[in-house]
Amino acid sequence: MKLWGYFRSSAAFRARIALTLKGIPYDQGFVHLRKAEQRSPEFLARNPQGLVPFLEDGSTGIAQSLAICEYLDEIHPAPPFLPTDPAGRARVRSLTLAIACDIHPLNNLRVLTYLTKTLKVDKAAHDAWYRHWIAEGFAALEKEFAAPATGRYCHGDAPTLADICLVPQVFNAKRFYSDDELAAYPRLMRIFATCMAHPAFDAARPENQPDFEA
Ligand SMILES: N[C@@H](CCC(=O)N[C@@H](CS)C(=O)NCC(=O)O)C(=O)O
């Protein structure tokens, strides 16, 4: 398999975690988002959606990180990304979508670029926008993690799709929030710490990627 991504991309980070959790070896292709390589004719020919990640498995090409995660879960069922009971599966999907649909897209590069370059929003407003959507999303998640106790990870004692999305979102938040500020979400940060102690999450982190730039 070959994963096209960018070290700082939260969505590509999800795919790296998923591949590593499954123990699937993969090659990486690099798409430099700051250099707009996602909009190059070469990359658009590969992925018309113009976003990373993009997974190639033989002749199969898959855009969208959650579609990639589900594909990997279907072809390599162990360890599973979802619990077995319908209520648990629904809860994990709900947490996953709260991050992937309701937090992450609002702070995506193309949205921020539209704010600053097209709408001429200044840096203070840009940063306020970014912080607002993180704060609103994390506050809701923190309540979700309250009671009843749900285990060491987002749901239970093993990583699920929700953890695969939570960890990159915390890395993303750390660009605009100090650790002291993030301490306002103690349950969320406890789960983050649990995940980061897991070798698959650590291996997938941006600093451990060949295209990492400080
Ligand atoms: N819903 C997509 C989001 C993908 C996405 O937004 N990728 C970002 C990086 S995290 C990207 O490629 N951004 C390029 C841009 O905004 O131009 C997924 O889950 O894969």
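Residues numbered from 1 in each chain as written. Predicted model: local features only at pLDDT ≥ 70, side-chain atom pairs only at ≥ 80, totals over all residues. Heavy atoms only, no water.

**Student:** How would you summarise the nonpolar core if you had to cite specific residues and measurements?
**Tutor:** In this structure, Phe138, Leu141, Val167 and Leu188 are the most contacted members of the largest nonpolar core, which totals 52 residues. For this core, the secondary structure elements donating two or more residues are helix H1 (10-22), helix H3 (65-75), helix H4 (86-100), helix H5 (109-118), helix H6 (123-144), helix H7 (161-173), helix H9 (186-196) and helix H10 (199-204). When residues in this core are grouped by element, the largest group, nine residues, is from H7. Discounting chain neighbours no more than four positions away, the residues touching Leu141 are Leu95, Ala98, Ile99, Ile103, Leu166 and Leu188. Counting residues in each nonpolar core, the second largest holds 10 residues, with Val31, Leu33, Val52 and Phe54 among its members. (Core = buried A, V, L, I, M, F, W, Y, C linked by side-chain atoms within 4.5 Å. Buried < 20%, exposed > 50% of the residue type's maximum accessible area, 1.4 Å probe, protein only. Helix = DSSP H or I, 4+ residues; strand = E, 2+ residues; numbered from the N terminus. Contact = heavy atoms within 4.5 Å.)

**Student:** How would you explain the sheet that holds strand E3 (residues 54-57) if you had to name every residue and give the values?
**Tutor:** Here four strands make up an open sheet; going across it, the order is E2-E1-E3-E4 and the pairing mixed. Strands at the two margins of the open sheet, each flanked by one partner only, are strand E2 (27-30) and strand E4 (60-63). Shown here is a sheet whose adjacent strand axes are inclined to one another by a mean of 20°, direction ignored. Bridge count between strand E1 (residues 2-5) and E2: four bridges; the pairing is parallel. Looking across to E2, one finds that Trp4 is bridged to Gly29. (Pairing = 2+ DSSP bridges. Axes fitted to C-alpha atoms, helices over the stretch in contact; angles between N-to-C directions.)

**Student:** Give me the lowdown on H9, citing residues and values where you can.
**Tutor:** Where H9 is concerned, the buried positions are Leu188, Met189, Ile191, Phe192, Thr194, Cys195 and Met196. Those residues of H9 hidden inside the fold are in contact with H6, H7, helix H8 (179-182) and H10.

**Student:** Can you explain H7? Please cite residues and give values.
**Tutor:** The terminal C-alpha atoms of H7 lie 19 Å apart, and with 13 residues this matches the ideal 18 Å at 1.5 Å per residue to within 8%. Here H7 lies mainly inside the structure; 13 of its 13 residues are buried. (Expected span 1.5 Å × (residues − 1).)

All we've got here are geometric facts, nothing functional implied.
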